[in-house]
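Coordinates in review
Here is what each chain is made of, one letter per residue.
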Amino acid sequence: MNNRSQFSRRDLLGAGLGLGALAAAGALTSCSGSSPASSATASPTKLRITLGWVSNVEFGGYFIADDRGYYRDEGLEIEFLPGGANAPSAAQSLAAGNAEIGLSPSMSDTIVAAAKGNDLKIIGAVFQDSPGGIVSLTKKPVKTPKDLAVAKVLGQGGTQPYLDAILELAGLPPATYKLIPAGFDPSPLVDGQGDAYTCYVTNQPTTLETQFGLVKDKDYVTVTYSELGLPSYADVIVTTGKFASANGDAIVKFLRASIRGWQDNVADPSIAAKLCVDKYGSDLGLDLKQQIRQNELQAPLIQSAFTKTHGLLNMDTALLETKMLPAMKAAGQTPVPADVKGIVDLSYIAKAFNGKTTL
């Protein structure tokens, strides 16, 4: 995977995509509220799913659900629309009516856009802990805000507001660290040009392992922005209020099948990796070993204490409002709503689980 284009597409906390004004996406007629077995015999409901990035293991659970027929069992026909460095954002695709459901890397951008009056609904999230974070070598690790405050940080453009926000929320003076402009290759960290490097903890560390032979926890350590006190969900599942109000049954079916796929993905990270290399991302030249490792690294971020009792893809609105919205405000994002009522709607995922925590 091309790390350079990944970071030009979305910054480390998923902010500043410049969505602009969004119009409501058109509605799609859904299947009637029947059981998966009976709905599969009817004409399938077609859903276009726009990905927030290229077809790699970041979306592995969805690919498993498709390959194993979980969507078909629900009477759905799924079309994945891959993203990329120059592709429209998920929210833009929804606004243009080019997709019914979007998978957005940026929770914060989606909330800000909705707070500006755009017709967006967040109905779930894959990453309970955003993969944006910092990697450092064990000889001088950065694990806490205090470590960050005195570090030389190799960072990409747009990361400083989040580093400052981490220090502010920790009660430390901002900008006491030294920020050194860096690209999207972690080699300068190995060369000693800095103490830490801003990254996706599911991505750049695999470069350290494959190109430099470094071993996690022995040679390098990672810490997410969430662990540093700046929490955020990521890869949120988004639709429009207009579509949701007319097609709630289809959304429940999509979530139910997707949950099954993500459960399978957590159980065996190699499944989706093989599917991405051989099928869904076959034109990308993906490396199987790297995809498996990326999937292994993202597995802990997909699960949390909350999902153990509420199920995968679910969201804790209390945590969102008490911790994540203040984090967005500290990072200078605006407008930040007082709460997420009318923006986050978890009624569909509750129907998908139907009182259970696994499917």
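Residues numbered from 1 in each chain as written. Predicted model: local features only at pLDDT ≥ 70, side-chain atom pairs only at ≥ 80, totals over all residues. Heavy atoms only, no water.

This next bit is on the sheet that holds strand β7 (residues 178–181). Within the open sheet, the five strands sit side by side as β7-β6-β8-β5-β9. Their pairing is mixed. Strand pairing shows two members of the sheet lacking a second neighbour, β7 and β9 (220–224), which therefore form its edges. Adjacent strand axes in the sheet meet at a mean angle of 30° when their direction is disregarded. Pairing of strand β6 (residues 152–155) with β7, which is carried by four bridges, proceeds in the parallel orientation. The partner of Lys152 across the bridge, within β7, is Lys178. (Pairing = 2+ DSSP bridges. Helix = DSSP H or I, 4+ residues; strand = E, 2+ residues; numbered from the N terminus. Axes fitted to C-alpha atoms, helices over the stretch in contact; angles between N-to-C directions.)

Between helix α12 (residues 248–267) and helix α13 (residues 269–280), the least distance of the axes is 4 Å, while the angle of their chain directions is 110°. By the angle class used here, α12 and α13 are roughly perpendicular. Here α12 contributes Asp264, Asn265, Val266 and Ala267 to the contact with α13, which in turn contributes Pro269, Ile271 and Ala272. (Parallel < 35°, antiparallel > 145°, perpendicular 65-115°, else oblique. Contact = heavy atoms within 4.5 Å.)

Before going further, it helps to spend a moment on the confidence of the model for the protein chain. Per-residue confidence for the protein chain averages 89 on the pLDDT scale, and 89% of its residues sit at or above 70. Confidence drops under pLDDT 50 across residues 1–40; counting only partners more than four residues distant or on other chains, this segment forms 130 contacts. (pLDDT = per-residue confidence, 0-100.)

Below, the discussion takes up the nonpolar core. With 82 residues, the main nonpolar core has Tyr62, Phe254 and Leu320 as its most contacted residues. When residues in this core are grouped by element, the largest group, seven residues, is from α12. Residues within four places of Tyr62 in sequence aside, it is in contact with Tyr71, Phe80, Leu103, Val126, Ile237, Phe254, Ser258 and Trp262. With 20 residues, the next largest nonpolar core counts Ala165, Leu167, Val223 and Tyr225 among its residues. (Core = buried A, V, L, I, M, F, W, Y, C linked by side-chain atoms within 4.5 Å. Buried < 20%, exposed > 50% of the residue type's maximum accessible area, 1.4 Å probe, protein only.)

Those residues of helix α8 (residues 160–169) not exposed but buried are Tyr162, Leu163, Asp164, Ala165, Ile166 and Leu167. Gly171 sits one or two residues past α8 and shows a positive phi near 75°.

Moving on: helix α10 (residues 204–212). Among the residues making up α10, those that are buried are Gln204, Pro205, Thr206, Thr207, Leu208 and Glu209. Gly213 sits one or two residues past α10 and shows a positive phi near 70°.

Looking now at the packing of aromatic side chains. Centre-to-centre distance and the angle between the planes together describe a pair of aromatic rings. Applying the stated criterion across every chain yields a total of six aromatic pairs. Judged by centre distance (5.2 Å) and plane angle (85°), the rings of Phe63 and Phe80 are edge-to-face. Here the residue Phe63 occupies a position in helix α3 (residues 60–67), and Phe80 occupies one in strand β2 (residues 76–81), the gap between them amounting to 17 residues. Between Tyr71 and Phe254, the ring centres sit 5.6 Å apart and the planes meet at 5°, which makes this aromatic pair stacked. Highlighted residues: Tyr71 in helix α4 (residues 70–73) and Phe254 in helix α12, separated in sequence by 183 residues. A single burial state applies to Tyr71 and to Phe254, both of which are buried. Through a chain of ring-to-ring contacts, three or more aromatic side chains come together here, namely Tyr62, Tyr71, Phe254 and Trp262. Just above the ring of Tyr70 sits the side chain of Arg260; from NZ or CZ to the centre is 3.8 Å. (Phe/Tyr/Trp six-rings, centres within 6.5 Å; stacked < 30°, edge-to-face > 60°. Lys NZ or Arg CZ within 6 Å of the ring centre and 35° of its normal.)

Considering all chains together, one arrives at eleven salt bridges under this definition. With a closest N to O distance of 2.4 Å, Arg48 and Glu100 form a salt bridge. Of this pair, Arg48 sits in strand β1 (residues 45–50) while Glu100 sits in the loop between α5 (90–95) and β3 (101–104), and the two are 52 residues apart along the sequence. With a shortest N-O distance of 3.5 Å, Lys218 and Asp219 are connected by a salt bridge. Asp219 sits in the partly exposed class, given a relative accessible area of 21%. (Salt bridge = Lys/Arg side-chain N within 4 Å of Asp/Glu carboxyl O.)

Now for the environment of Leu319. Within the secondary structure layout, Leu319 lies in helix α16 (residues 317–330). Leu319 sits in the partly exposed class, given a relative accessible area of 33%. Leu319 has contacts with Tyr233 and Met324, leaving out every residue within four places of it along the chain.

What follows covers the sheet that holds β2. The pairing of strands in a sheet happens through backbone hydrogen bonds and is either parallel or antiparallel. Taken together, the five strands give an open sheet; going across it, the order is β2-β1-β3-β10-β4, and neighbouring strands pair in mixed fashion. Edge positions in the sheet fall to β2 and β4 (121–127), since each has one partner strand and no second. Neighbour-to-neighbour, the strand axes of this sheet turn through a mean angle of 25°, independent of strand direction. Here two bridges tie β1 to β3, and the two strands are oriented parallel to one another. In the strand pairing of β3, Thr50 is matched with Gly102. Against the sheet, α3 makes contact with β2, β3, β4 and β10 (234–239), and its axis sits at roughly 140° relative to β2, the strand it touches most.

The next subject is unusual backbone geometry. Pro335 follows Thr334 through a cis peptide bond whose omega is -5°. Phi is positive for Asp217, close to 75°, though the residue is something other than glycine. Mapped onto the fold, Asp217 is located in the loop between α10 and β9. With phi around 50°, Asn354 is a residue other than glycine that occupies positive phi space.

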